[in-house]
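# Working through the structure, step by step
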Amino acid sequence: MNNVTLMPAVVAQNNRAYDFSDAEEAVIIEDTPTEGSSVSFLEANTNAVSLDELASTCVVPTWGNQELTIAHQDFINCVHDAAKDFYHGEQINNPAIRVSHIVRGRTPNALGKKASELLECEKTQFFQRMAFAFTIPTIYETLNGQKLELCVGGVRNYNDLNLYRASKGVEKFSIFVGWRVNVCSNQVLTGDGVKLSIEVMSIRDLYKSVMELLYHFNPAKDIHLMQTLSNTSLTETQFAQIIGRMRMYQALPQGYTKQIPRLLITDSQVNSVCRGYYSNPDFGANDDSLSMWDFHNLLTESNKGSYIDTYLQRAVNATEVAVGINNALHGDEKYKWFIG
């Protein structure tokens, strides 16, 4: 597949009319792509795990009436299958999976044992939080010499559910589609490519939600947005001003922050952006100048230190902040506080 020339086909595919009314319960198909995962994200606070490990070593939590919740591996397979159906004929890589907040338990026959006496077969576990992503390397663009591949994924947090309720309830998931910078796995996400909280009752509902997100996502629009960032540069003084305002934001009185666009990046992540300005080989300053595209990548690079449950929100916010500051540099008032 040649770069750029096949992108109109993807846009044309997004104009197809999908009818989900006859969708059946999704069947999990053990169809392993030939390519392994090329996504590296959420490097801190998480551990990598394979799809087979999730299925073989983790129990599936139940509701109070013992009905099963949707297993992590079924969530992953559902999104993966939807992407294969929507982007039919494209190469779909295997998912990279990150987990955190392990919950340990034991089988019923080991209830009276001390923890030190438990056999491995008597121990149970599941992960409260899970995130995954996979790339579609045959759908790509090049921006400022950097290759961007289309990337799809999702986030799940059992903390969002009340598993003690007597009957089965809705389950909450987050799903996303956007561009991923090949050299560093930085995720480019906008509000158009993210559903932060979808509520479903079944795999069928989940599949429909994923297909709807992919259908409405316009990859060319996001590329154009990133191109506008690459056309604007910050001086060292302007960068220092923005960083200073970001540090101040964390200490602003509550009433004052209501007048300023939200900033979800933390102090430690602001420090990471500062270090990246001087040391990042791909997106650091060049002759005391930093493009807004590079600034956006420093923000998303720092987001890799987030917890799973805040990762997507901060990824979207990184784009909001970078685009907003870029607009402020051209006279827009909304993000003027960050450069004033």
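A brief report on the enclosed structure follows. (Residues numbered from 1 in each chain as written. Predicted model: local features only at pLDDT ≥ 70, side-chain atom pairs only at ≥ 80, totals over all residues. Heavy atoms only, no water.)

### Some points on the pairing of strand β3 (residues 123-143)
Burial analysis of β3 places 18 of its 21 residues in the buried class, which makes it a mostly covered element. Pairing analysis gives ten bridges linking strand β2 (residues 96-106) to β3, with the strands arranged antiparallel. By the bridge assignment for β3, R106 is matched with K123. Here β3 runs beside strand β4 (residues 146-157); their pairing, made up of twelve bridges, is antiparallel. Bridging across to β4, F132 finds its partner in G154. Hairpin connection between β3 and β4: a loop of two residues separates the two successive antiparallel strands, and N144 in this loop has a positive phi of roughly 50 degrees. (Buried < 20%, exposed > 50% of the residue type's maximum accessible area, 1.4 Å probe, protein only. Helix = DSSP H or I, 4+ residues; strand = E, 2+ residues; numbered from the N terminus. Pairing = 2+ DSSP bridges.)

### Re the pattern of salt bridges
Counted under the stated rule, the structure contains 13 salt bridges. Between R156 and E171 there is a salt bridge, with its nearest N and O atoms 2.5 Å apart. Here E171 lies in strand β5 (residues 171-181) and R156 lies in strand β4, a separation of 15 residues in the sequence. Comparing R156 with E171, the two get one shared label, buried. When salt bridges that share partners are traced, they join K147, E149 and R180 into one network. (Salt bridge = Lys/Arg side-chain N within 4 Å of Asp/Glu carboxyl O.)

### Some thoughts on the environment of V183
For V183, the location among the structural elements is in the loop between β5 and β6 (187-188). Here V183 is in contact with Q146, D282 and F283, once residues within four sequence places are set aside. (Contact = heavy atoms within 4.5 Å.)

### Focus: the packing of aromatic side chains
According to the stated counting rule, one finds 13 aromatic pairs in the structure shown. Centroid distance F239 to Y277: 4.2 Å. Interplanar angle 15 degrees. Geometry classified as stacked. Taken as a pair, F239 in helix α6 (residues 236-249) and Y277 in helix α8 (residues 267-279) lie far apart in primary sequence, 38 residues in all. By relative accessible area, Y277 is classed as buried at 2%. Between the aromatic rings of F283 and W293, the centroid separation amounts to 6.5 Å while the plane-to-plane angle is 80 degrees, which identifies the pairing as edge-to-face. Taken together, the residues F283 in the loop between α8 and β9 (289-291) and W293 in helix α9 (residues 292-302) connect sequence positions ten residues apart. (Phe/Tyr/Trp six-rings, centres within 6.5 Å; stacked < 30°, edge-to-face > 60°.)

### What about helix α5 (residues 219-230)?
Under the 1.5 Å per step criterion, the end-to-end length of α5 is 17 Å for twelve residues, consistent within 8% with the ideal 16 Å. Here α5 has its buried residues at P219, D222, I223, M226, L229 and S230. Looking down the long axis of α5, one finds its buried residues gathered within 110 degrees of arc, a one-sided arrangement. Between the side-chain oxygen at the start of α5 and the backbone nitrogen of A220 there is a gap of 3.1 Å, and the oxygen is on N218. (Expected span 1.5 Å × (residues − 1). Arc of directions from axis to C-beta. Polar contact = N/O pair within 3.5 Å; in protein donor to acceptor, adjacent residues only side chain to side chain.)

### Some points on unusual backbone geometry
We note that H101 has phi near 55 degrees; this positive angle belongs to a residue other than glycine. Within the fold, H101 resides in strand β2. Judged by relative accessible area, which is 34%, H101 ranks as partly exposed. For D287, which is not glycine, the phi dihedral falls at a positive 55 degrees. What makes D287 exposed here is its relative accessible area of 72%.

### Quick word on the packing of α5 against helix α10 (residues 308-329)
Two quantities define a packed helix pair, namely the angle between the helix axes and the distance between the axes. One way to put it is that α5 packs onto α10 with a least axis distance of 10 Å and a crossing angle of 50 degrees. On the basis of their axis angle, the class for α5 and α10 is oblique. Like other packed secondary-structure pairs, α5 and α10 cross with a definite hand, here left-handed. Taking contact as the criterion, the partners of L225, M226, T228 and L229 in α5 are, on α10, T319, A322, V323 and N326. Taken together, the residues that form the contact of α5 with α10 break down as five nonpolar, three polar and no charged. (Axes fitted to C-alpha atoms, helices over the stretch in contact; angles between N-to-C directions. Parallel < 35°, antiparallel > 145°, perpendicular 65-115°, else oblique. Left-handed = near helix turned anticlockwise from the far one by under 90°. Nonpolar A, V, L, I, M, F, W, Y, C, P; charged D, E, K, R; others polar.)

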